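Spelled out, the chains give:
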Amino acid sequence: MKLNDEQQMLQDSVARLMADKGPVSHLRELRDRNDEKGYDEPLWHAMVESGLTGILVPEEHGGIGFGLVGAGLVAREIGRNLSVTPFLSTAVLGATALATGGSVKQQQKWLPAIAEGSVITALAVDDGAKHRPEAIKTEAKAAGDGVTLNGGKLLVLDAHVADLLLVAARQGESTALFLVDPKAEGVTIERNRMVDDRNAARVTLDNVAAEPMADGAAALAAALRAGRAVLAAELSGLAREAFERTLQYLKERKQFGRLIGTFQALQHRAALLMGEVSMSDALAMQALDACDRNADDAEVQVLAAKAKAARVALLAGQEAVQMHGGIGMTDEFDIGFFLKRARAGGETLGDANYCADRFAVLRDY
Amino acid sequence: MKLNDEQQMLQDSVARLMADKGPVSHLRELRDRNDEKGYDEPLWHAMVESGLTGILVPEEHGGIGFGLVGAGLVAREIGRNLSVTPFLSTAVLGATALATGGSVKQQQKWLPAIAEGSVITALAVDDGAKHRPEAIKTEAKAAGDGVTLNGGKLLVLDAHVADLLLVAARQGESTALFLVDPKAEGVTIERNRMVDDRNAARVTLDNVAAEPMADGAAALAAALRAGRAVLAAELSGLAREAFERTLQYLKERKQFGRLIGTFQALQHRAALLMGEVSMSDALAMQALDACDRNADDAEVQVLAAKAKAARVALLAGQEAVQMHGGIGMTDEFDIGFFLKRARAGGETLGDANYCADRFAVLRDY
Amino acid sequence: MSDLEQFRAETRAWLEANCPEEMRQPLKSQADHCWGGRKWQFQSDAQKVWMERMADKGWTAPQWPKEYGGGGLSPEEAEVLAEEMKRINARTPVSNFGFWMLGPALLKFGSEELKRQHLPPICRGEIRWCQGYSEPNAGSDLASLQTRAEDKGDHFLVNGQKIWTSYADKADWIFCLVRTDPNASKHNGISFALFDMESEGVSTRPIELISGESPFCETFFDDVKVGKDQIVGELNRGWDVAKYLLTHERNNIGGEPPGFLKGRALGPLAAEHVGTEHGKLADGALRADIARLEIDQMAFQALVGKIREEAEAGQGVGAQSAVLKYYGTELNKRRYEVMMDALGAEGLEWESERTMGGLYAREWLRSKGNSIEGGTSEVMLGIVSKRLLGLPDA
Amino acid sequence: MSDLEQFRAETRAWLEANCPEEMRQPLKSQADHCWGGRKWQFQSDAQKVWMERMADKGWTAPQWPKEYGGGGLSPEEAEVLAEEMKRINARTPVSNFGFWMLGPALLKFGSEELKRQHLPPICRGEIRWCQGYSEPNAGSDLASLQTRAEDKGDHFLVNGQKIWTSYADKADWIFCLVRTDPNASKHNGISFALFDMESEGVSTRPIELISGESPFCETFFDDVKVGKDQIVGELNRGWDVAKYLLTHERNNIGGEPPGFLKGRALGPLAAEHVGTEHGKLADGALRADIARLEIDQMAFQALVGKIREEAEAGQGVGAQSAVLKYYGTELNKRRYEVMMDALGAEGLEWESERTMGGLYAREWLRSKGNSIEGGTSEVMLGIVSKRLLGLPDA
């Protein structure tokens, strides 16, 4: 797939925005001051102003409906800069779930708010340490107009600052998303700082009143697909940045009286890494495009892209630290942040093994 | 484990014997003249004279009862020279099965004959393309004193020259070995030249009369364990030889005006290969010793050793061909034989994946 | 109806009318591939008729200019033709190094005379070409080649030895790198020469591979006379032509390599041999290996697509071709390894009928050459690290 | 009863009587490890008592000669002591770089005076040592170090900077590589010097790692006075001492590294987090990864055993230690990666109590340093290819 002019413009402007307003140093500052909200608020405001929060919100709800390729372009720059915002939780997962499965009322209430950046949403899926949406244990029982939820959730991104929880629960045979007010009785949100200095909460639901969606099952499926595809792009961007910083280091650092980039063993490893990064990135963009085109194999492509990107980002992080040597092990130097985020992003919404397993299932083996 | 004096002497004498009488050139000659028997008869006779055919035959049956470490030392040299003999089929698999599970009469009839080199035996286990002894389909039905067998077998080493078939078949709940005369009615043996220029037959059993063993289940288990352990040693020897020939080539071949062994990328790969070969070899010898000591974890060690050796031998074959470049692809040059045997030996009695699966089962995951 | 739609309709009708039924079957063996040339024995009348009919249309070389026997099609039209041929599974009518390699070189570097002399016979399938690049001591280090062409006034006299000459024993003409200036530096003084394999002094010896096939030869030149008009490009600048072709060759990678695995999925093949449990392949490790491989292949294809698009957009491919060569061949080797894991004992058979004469094992072995021929994997990584990454020499 | 059996019986009885119950528990955190030294704060009376009782027996350094405060045990007796301690899970009474590194160096290269001065305080846990090797521009290329020691007649004056000094901020003395002859070639002119970290002009700055811990420091020397009698081995021959210690250090690899995974099997841990299906781990790919890793670990341990046996048989270890260093550290890294795969979201938590303050993630990150410190993996492969394989330099 080739970017069209609009996409190319978006890419250029987002690249500038993230480099200016969401560089890696912001992540460090947020962490060091143990920021209350845990995300880069000025950057988020700038993204709101640029319309990026509404990138997946349909125009009739105040968004720009730019599609997943656009969201992926944003995520790629987020990955390069390790920018910390609720973009994934809100602009991708929340917007996709609501736009896909929300009732008219729900859409009218939440989508414009997402587009204008006045709310943050959090998707709560995993109820075990590993992502297994086919085997959700959280239960939804009918209660009056709505339902009551019971269960516990892990890895709920941005839940501690969320205005809306989208919770996956099992009702009879089907698994669907339900809308939950984070302040509702029975909701406990335990903010949890993760290895990548992002926030992901543990959420406990004890007889919590929740609101069904018009099609909560479709909302869940669409959110997972969009989230994985966008994460694939983010991880590919991260991998490329880690690679490029390492390449630069190979051209600067001397040992044994010569640049370490002159050592053939490192040259070959750098070449391999470049190839892997390029493939990860190409597949991520292709998968995003397949989603936008609603291609038959979009799901297969997204699973492949997420699996590939998770592996490549981790490889890039590992190789980056190793080739930087001692300095790569220090907190003072930024390269370690890439390794940390690679692990966390790789795990989110299904790790490489999970995605490969589902990939194989769809291919009938 | 350290070799004792006897084992050290055995190793030295076998190394000389194989290098003198069973070098790689013999494999080529056997193949080129499409030898009727398909194995190196003069070498086999020399091994008989040295007592090696009776290495696992107890002394009371005319063997030397040297144990599996001894058999592994022989196999290692077989691997280095790609010597072609019925050592595995007869001296290891046949002798172990009969010594473990044969009736007194069966032992008296067959074990001395194995030791003195007057018979060849063949073990028929696999009835599918993959080794799955837990799911044998060949059926044994009681018939008079003996049983009747029906089924088809693959990868039966040396069957076309065998005087005795040891056939794994399911009788009720248990799977056991049965003795079958290759000339019995209903037996069809299709000689099959394999990629490694050894012979492995397809055997069809159509209402064939067979003789139960005293403990055919134990015989099967013991033969498989011994065979895998000895194959691990053979593959480790093969891997070491392929590695050493390649190392030599790196020190001789020039390209771009310098020895290719001066290229750091190749140096590192050679170093990695040496490490892998050393680990494979050390584990194989340790596993053989665990068998001889009847250690609790002997089975786990053998599975690990076979899995490791299969992978390392294949890696060594692949790296050997690649580092030899064009010449490595030619039939005229011997290095390709190592790659071929690595594949075939790796597959025999369970490939790396199979062994790792059973390893995991024994470790409860 | 647009021009292109019109073209598609006409093409479809013509193919339906002219492609023999037998030429719409998948290749059953290597021999079904039509290489053409003076020595070619057609496997059937249909093979001959099909080649001739396509040659008459110029569609054996669809994008070459009509004046040289080609079809004169635009890239879009050629794409339509390919799609329509694929639709009915039409076989390639004829193909050899003349089409893949010499043609593109002549079109870019050749004189008008050389084009008129050599291109039409290629298009008509009359002359089969082979490539004389490697020498025994010039493998990866191609430019260190020693075969000499001495200027004898009205002709060159060629002496030397080539190796890895594909089907030299079956080809009619050779395009060949020869040293025309022994005093120049390594990359200079090489010329790109053409001559007939029936010339006096040419002899060939097939090389048997570990797979048992002999697709390559050693080729010997003993005082072979070569016309002075048979140099492509400038004298002593043959390295430019060779480099162009090597890149061109590597570009063609990306497409799925031919052979048993072409278009075949590993999952079902494995299921046949390994069986299934609870709806999944019984061997969990193999299943994971297949999935990881297929994901890597998908990622590779995505990159191929991207690089092709960039090339079409005029950004050029250049050293990117080394990335494709490296991963294309390494993935293909991995694929054959996984296939062998899946096939078990059956994959090991070397001569049996049920394995089509050991096809699995032979193709597995043959795949090992992928990362050696046309530039080794190590050379490719060197090109990537130097030219794409700008890593310095020691 | 043989002497050794006698020794075992006595040792067992003594340990039973003298090892406090609290010292028979597994370490609960890093702080439970007793490093000793002037600044050491004992975690408990039991920790102090245990160290002192063992030091009185000389068993803090069982094989060192008695005259230097050691136990004077034979290798066999030391093995028995280790077994008997393991039997009751007795903790190591005290341990630091004085025991692992300086002691062996002094015993091999040190003068009688230096041994008498430094070994007994080490054995008694009174002085904690650190190691000053690496410098900012001398990492893998250790011998290019720049810290200078100028001969001022009755003392040396040391100026320079070290990095990666383990626990320099907590240690009492340092053994340090300094350049005593700036005009000699790279490997010559280096000396192995000892001095007190409380000397004027010494300062340290902890380095925070990506795991959040600070086990290393930058260490600065500004006109530090060092006694001329505090050189181990010959002046300007310190590289021999350093090389000996590096090999010695790498030898100690092969034992399971400390940390959460020590003695813990990955299978059951994964089953807790991933679940099981049909009696096997639910994630087939993870299951295959764990099995492959455990098999590789078993093979590595077999090689460790073999190399140790050869070393004991007097064949020496030498460059083999580089093989062990490489695979030991690479396997440990792989093990932590697989652990993280198994733990999923729980493994990512950085501060939560249920993960003991992010222990999983921190140890995973810390493991990345294994293949950098003590000689990078790349340097190890270089040593193997040059010294074991005899591959030539370019």
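Residues numbered from 1 in each chain as written. Chains lettered and ligands numbered in written order. Predicted model: local features only at pLDDT ≥ 70, side-chain atom pairs only at ≥ 80, totals over all residues. Heavy atoms only, no water.

K.L.:
Would you mind going over the interface of chain A and chain B in detail, with residue names and values included?
P.N.:
Contact with chain A, which involves five residues of that partner, is made by five residues of chain B. Buried surface at the junction of chain A and chain B, both sides included, amounts to about 360 Å², of which 54% is carbon and sulfur. It is Phe263(A), Gln264(A) and Ala265(A) in chain A that bury the most area against chain B; as a group they hold 88% of the surface buried on that side. Along the contact surface separating chain A from chain B lie zero salt bridges. For the pair chain A and chain B, the number of links is three residue pairs in polar contact (both at pLDDT 80 or more). Taken together, the residues of the side of chain A that touches chain B break down into three nonpolar, two polar and no charged. (Contact = heavy atoms within 4.5 Å. Buried area = accessible area lost by both parts, 1.4 Å probe. Salt bridge = Lys/Arg side-chain N within 4 Å of Asp/Glu carboxyl O. Polar contact = N/O pair within 3.5 Å; in protein donor to acceptor, adjacent residues only side chain to side chain. Nonpolar A, V, L, I, M, F, W, Y, C, P; charged D, E, K, R; others polar.)

K.L.:
Explain the relation of the copies chain A and chain B to me, and be specific about the residues and the numbers.
P.N.:
Taken as rigid bodies, chain A and chain B are interconverted by a rotation of 180° and an axial shift of 0.0 Å, the fit giving an RMSD of 0.0 Å. The transformation just described matches what one would write down for a two-fold rotation axis. By C-alpha distance to the rotation axis, the residue of chain A lying nearest is Ala265(A), at 2.1 Å. The share of interface residues of chain A whose copies in chain B are also at the interface is 100%, consistent with both copies meeting through the same surface. (Least-squares fit on C-alpha atoms with pLDDT ≥ 70 in both.)

K.L.:
Can you explain the domain arrangement of chain C? Please cite residues and give values.
P.N.:
Residue and element names in this part refer to chain C. Splitting chain C by domain gives domain 1 (3–95), domain 2 (129–238) and domain 3 (253–388). Across the boundary between the two partners, domain 2 contributes eight residues, which contact seven residues of domain 3. Between domain 2 and domain 3 the total buried area reaches about 580 Å² when both faces are included, carbon and sulfur atoms providing 62% of it. Considering only the surface of domain 2 that becomes buried against domain 3, Ser140, Ile210 and Ser211 emerge as the three largest contributors, covering 65% of it. Our count for the contact surface shared by domain 2 and domain 3 stands at zero salt bridges. Taken together, domain 2 and domain 3 are joined by one residue pair in polar contact (both at pLDDT 80 or more). Each residue belonging to the side of domain 2 that touches domain 3 can be placed in one class, and the counts come to four nonpolar, three polar and one charged. (Domains from an automatic or database assignment.)

K.L.:
Break down the pattern of salt bridges for me, citing the residues and quoting the values.
P.N.:
All names here are of chain A. Under the definition given, this model contains 125 salt bridges over all chains. Close ionic contact of Asp281 with Arg76 constitutes a salt bridge, the shortest N to O distance being 2.8 Å. Within this pair, whereas Asp281 is found in helix H8 (residues 264–292), its partner Arg76 is found in helix H4 (residues 68–81), the two being separated by 205 residues in sequence. Classification of Asp281 as buried rests on a relative accessible area of 4%. For the salt bridge of Asp197 with Arg193, the shortest nitrogen-to-oxygen distance reads 3.6 Å. Arg193 shares its class with Asp197; the two are buried. (Helix = DSSP H or I, 4+ residues; strand = E, 2+ residues; numbered from the N terminus. Buried < 20%, exposed > 50% of the residue type's maximum accessible area, 1.4 Å probe, protein only.)

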